[in-house]
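# Structural description and commentary
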Amino acid sequence: MNEETLRKHIAKNLAFYRKHAGLTQAELAGLINYSDKSVSKWERGEGTPDVYVLTVIAGLLGVTVNDLISDAEPVSPKIKKRRSMLVRGMVPALSAALCWLCGTVIYFILRVLLGDVTGLWLTFVYTAVASAVVLVVFSHIWWSKVLCCVFVSILIWLCAVAAFLSVSFSGAWLIFVVAAVLWVLAVLWYVFLDILKKTKQKKIQ
């Protein structure tokens, strides 16, 4: 990509995202301490802001620097956000559904091979545990600490139920005591992380 092509990409993208942010050239210029003539010049492709200014503009417009220099057709930040939310919802849901599909297939294979064996239905309990693991992983990648805590809690209790149903001894109920302790520790951990995050934000401010 040569300099002229880069200027054209920045010009097109800058104008597009500025308008979607509801800013005039003069308003954007005021926010970055430049004249509206400078912004107009950038949007005509007759010049480009330096890297620092480009970073500041990207932050003000709610996009990335890559969005401003990209040769791809610009997309409204609102549409990008909706797409991102859709992906963050669909991917975990499809992954969990895949776990259930695999669990169902395994159940029927075992049913064919072993017949009506006692406890074969536990396959679905273990499938629920596997689905919870998947949701815990995605919640830590994409979702808030609250949802992380919720899915970790679900995983802890599902594991307790699976363990309780899989063993047979008089003290099996103690599994739920252990699960309760783990659940309390998990909740306290996420509360601690939330407090730590808020403390860091206050220091930055």
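Summarised in this report is the structure supplied together with it.

Bringing the overall build of the protein into the picture now. The helix and strand tally for the protein stands at 9 helices and 0 strands. Along the protein, helices and strands appear, N-terminal first, in the series α-α-α-α-α-α-α-α-α. For 205 residues, the compact-globule formula gives about 17 Å, and the C-alpha radius of gyration of the protein, at 27 Å, lies well above that figure. Structurally, the protein occupies a C-alpha span of about 80 × 45 × 25 Å along its principal axes. For the protein, buried positions account for 32% of its 205 residues. Taking all contacts inside the protein whose residues are at least 6 apart in sequence as the whole, residues at least 24 apart take part in 58%. For the protein, the exposed surface amounts to about 13,300 Å²; the carbon and sulfur share of it is 68%. When the 21 positive and 12 negative side-chain charges of the protein are each reduced to one mean point, those points stand 8 Å apart.

Let us look at the pattern of salt bridges. If you walk through the whole model with that rule in mind, you get 5 salt bridges. Among the ionic pairs, Glu3 bridges to Arg7, the shortest N-O distance being 3.4 Å. On the criterion of helical spacing, the pair formed by Glu3 and Arg7 is a turn pair, its members being 4 residues apart in helix H1 (residues 3-20). Across the salt bridge formed by Glu46 and Arg44, the nearest N and O atoms sit 2.8 Å from each other.

The next thing to look at is the nonpolar core. A general trend in soluble globular proteins is that nonpolar side chains are found buried together. Ranked by internal contacts, the top residues of the largest apolar core, which has 18 residues, are Val136, Val152, Leu155, Ile156 and Tyr190. No other element matches helix H8 (residues 145-166), which puts 8 residues into this core. Every residue in contact with Tyr190, bar those within four places of it in the chain, is listed here: His140, Lys145, Cys148, Cys149 and Val152.

Further remarks concern the packing of aromatic side chains. In this structure the tally under the stated criterion is 8 aromatic pairs. Ring geometry for Phe16 and Tyr17: centres 5.2 Å apart, planes at 85 degrees, overall edge-to-face. Accessibility expressed as a relative area gives 23% for Phe16, which makes it partly exposed. Centroid distance Trp189 to Phe192: 5.8 Å. Interplanar angle 35 degrees. Geometry classified as tilted. Separated by 3 residues within a single helix, Trp189 and Phe192 lie in helix H9 (residues 174-204), roughly one turn from each other. Overall, Phe192 belongs to the partly exposed group, its relative accessible area being 43%.

The rules behind these values
- Residues numbered from 1 in each chain as written.
- Predicted model: local features only at pLDDT ≥ 70, side-chain atom pairs only at ≥ 80, totals over all residues.
- Heavy atoms only, no water.
- Helix = DSSP H or I, 4+ residues; strand = E, 2+ residues; numbered from the N terminus.
- Rg over C-alpha atoms; globule rule 2.2 N^0.38 Å.
- Buried < 20%, exposed > 50% of the residue type's maximum accessible area, 1.4 Å probe, protein only.
- Contact = heavy atoms within 4.5 Å.
- Areas by Shrake-Rupley, 256 points an atom, 1.4 Å probe, with all protein chains shown as cover.
- Lys, Arg positive; Asp, Glu negative; His and termini not counted.
- Charge placed at Lys NZ, Arg CZ, Asp CG, Glu CD.
- Salt bridge = Lys/Arg side-chain N within 4 Å of Asp/Glu carboxyl O.
- Core = buried A, V, L, I, M, F, W, Y, C linked by side-chain atoms within 4.5 Å.
- Phe/Tyr/Trp six-rings, centres within 6.5 Å; stacked < 30°, edge-to-face > 60°.

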